[in-house]
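# Examining the three-dimensional arrangement
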Amino acid sequence: MLNRDQINYCLDEIDKMFPEAFCELRHNNPFELVIAVLMSAQCTDALVNKVTKTLFEKYKTPEDYLAVSLEELQEDIRSIGLYRNKAKNIRKLCELLLTEYGGEVPCERDELVKLPGVGRKTANVVVSVAFGQPALAVDTHVERVSKRLAICRWKDSVLEVEKTLMKKIPKEKWSKTHHQLIFFGRYHCKAQSPQCEICPLLDLCREGKKRMKSKKGA
DNA sequence: AACTCGGGGCA
DNA sequence: TGCCCAGAGTT
């Protein structure tokens, strides 16, 4: 397992690789952020950005989403995939916001996860990005990179990964760490074809060295 | 823990 | 053409 200094070194190196690693959604208001993150499940960010751009021009408030039929909303987000469930969740979510939360997105993670389609990862992104609270969202990229780099254990659950990262990384870095590991995982330490040959972290990466070794043998 | 949703992007 | 993708809900 990597110690704090080694993890810090990794994050600095990743920062050099992806200096632009920030969330494009940070400029959105909390409501739009919830919608965007909810739609991003199992879908590439480029596609979500394309769809949300037009979507947010048409829909500004929870009332706007409820003013059209479910079928119309489904058609508006069809290209992101899983669109039937996502459209239903958005409508339910908007109803709840109006009836239970005064039309505003709650800033507490415990309240956010009560909303349909909002799980722990989405809630963490929202409190972190929209409300500036220290939170570390763990998705498949963060989980994979953390395990390959031995920041956490291989068998750790998502929740255990989150706890370990929070323990080993200073609180003020949590929000940025998420986006750094996302970029690193998506463009470099990819699930299927990690770029170990040109990776500045190879010396620290047990999984990377193992891969290079087996590649050489084969 | 496994299954489902799902069109788009990429090899 | 086949396979995977910024997850969450249900069984």
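Residues numbered from 1 in each chain as written. Chains lettered and ligands numbered in written order. Predicted model: local features only at pLDDT ≥ 70, side-chain atom pairs only at ≥ 80, totals over all residues. Heavy atoms only, no water.

## Topic: unusual backbone geometry
Convention followed: The helix count covers DSSP runs of H or I at least four residues long, the strand count covers runs of E at least two residues long, and both are numbered beginning at the N terminus. Note on exposure labels: buried denotes an accessible area under 20% of the residue type's maximum, exposed denotes more than 50%, and partly exposed covers the range between, all computed with a 1.4 Å probe on protein chains only.
Although it is not a glycine, Gln42 sits at a positive phi angle of roughly 55 degrees. Structurally, Gln42 can be placed in the loop between α2 (30–39) and α3 (45–58). Judged by its relative accessible area of 72%, Gln42 is exposed.

## Side note on the protein's contact with DNA strand B
Just so we agree on the cut-off: Note on terminology: near, applied to a residue and a molecule or strand, indicates that one of the residue's heavy atoms is within 4 Å of it. Counting of polar contacts relies on pairs of N or O atoms within 3.5 Å, with two restrictions inside protein: one atom must be capable of donating a hydrogen and the other of accepting it, and residues adjacent in sequence are counted only when both atoms are side-chain atoms. Each residue is assigned to one of three groups, with Ala, Val, Leu, Ile, Met, Phe, Trp, Tyr, Cys and Pro labelled nonpolar, Asp, Glu, Lys and Arg labelled charged, and all others, Gly among them, labelled polar.
Around DNA strand B, the surrounding shell consists of Gln42, Leu47, Lys50, Arg78, Ser79, Ile80, Gly81, Leu82, Tyr83, Arg84 and Asn85. For DNA strand B, the backbone portion of the atoms within 4 Å of the protein, that is sugar and phosphate, comes to 59%. One of the backbone N or O atoms of Asn85 is found 3.0 Å from a phosphate oxygen in DNA strand B. Elements with a minimum of two residues in the surface near DNA strand B: α3 and α6 (83–100). If one sorts the elements of the surface near DNA strand B by residue count, α6 sits on top with three residues. Its residues assigned to classes, the surface near DNA strand B comprises four nonpolar, four polar and three charged.

## Considerations on the side chain of Lys147
Rules: Any two residues having at least one pair of non-hydrogen atoms within 4.5 Å are treated as being in contact.
Looking at the secondary structure, you find Lys147 in helix α9 (residues 140–148). The buried category is assigned to Lys147, whose relative accessible area is 9%. Within the structure, Lys147 has its side chain in polar contact with the backbone oxygen of Trp154 (distance 3.1 Å). Setting aside its immediate chain neighbours within four residues, Lys147 contacts Cys152, Arg153, Trp154, Asp156 and Val161.

## As for the packing of aromatic side chains
Which entries qualify depends on this criterion: Aromatic contacts are taken between Phe, Tyr and Trp rings whose centres are within 6.5 Å, Trp giving its six-membered ring; a plane angle under 30 degrees counts as stacked, one over 60 as edge-to-face, and the others as tilted.
For the coordinates displayed, the defined rule picks out five aromatic pairs. In textbook terms, an aromatic cluster arises when at least three aromatic residues are bridged by ring pairs, as seen for Phe18, Phe183 and Tyr187.

## Section: helix α1 (residues 4–17)
So the rule is basically this: Residue count minus one, scaled by 1.5 Å, sets the expected span of a helix. By definition, the arc is the one covered by directions from the helix axis to the C-beta atoms.
For α1, with 14 residues, the first-to-last C-alpha span of 20 Å sits near the 20 Å given by 1.5 Å per residue. Considered for burial, the residues of α1 that qualify are Ile7, Cys10, Leu11, Glu13 and Ile14. Taken down its axis, α1 places every buried residue within 160 degrees of arc, on the same side. Residues of α1 that are exposed and point more than 90 degrees away from the buried face comprise Arg4, Asp5 and Lys16. Buried residues along α1 sit against α10 (158–168) and α11 (174–188). For α1, the N-terminal cap is Asn3; the gap from its side-chain oxygen to the backbone nitrogen of Asp5 is 3.1 Å.

## Quick word on the side chain of Asp139
Looking at the element boundaries, Asp139 is found in the loop between α8 (120–130) and α9. One polar contact links the side chain of Asp139 to the main-chain amide nitrogen of His141, over a distance of 2.9 Å. Here the side chain of Asp139 touches Val142 through a polar contact of 2.9 Å, landing on its backbone nitrogen. Those residues in contact with Asp139 that sit more than four places away from it in its chain are Lys121, His178 and Ile182.

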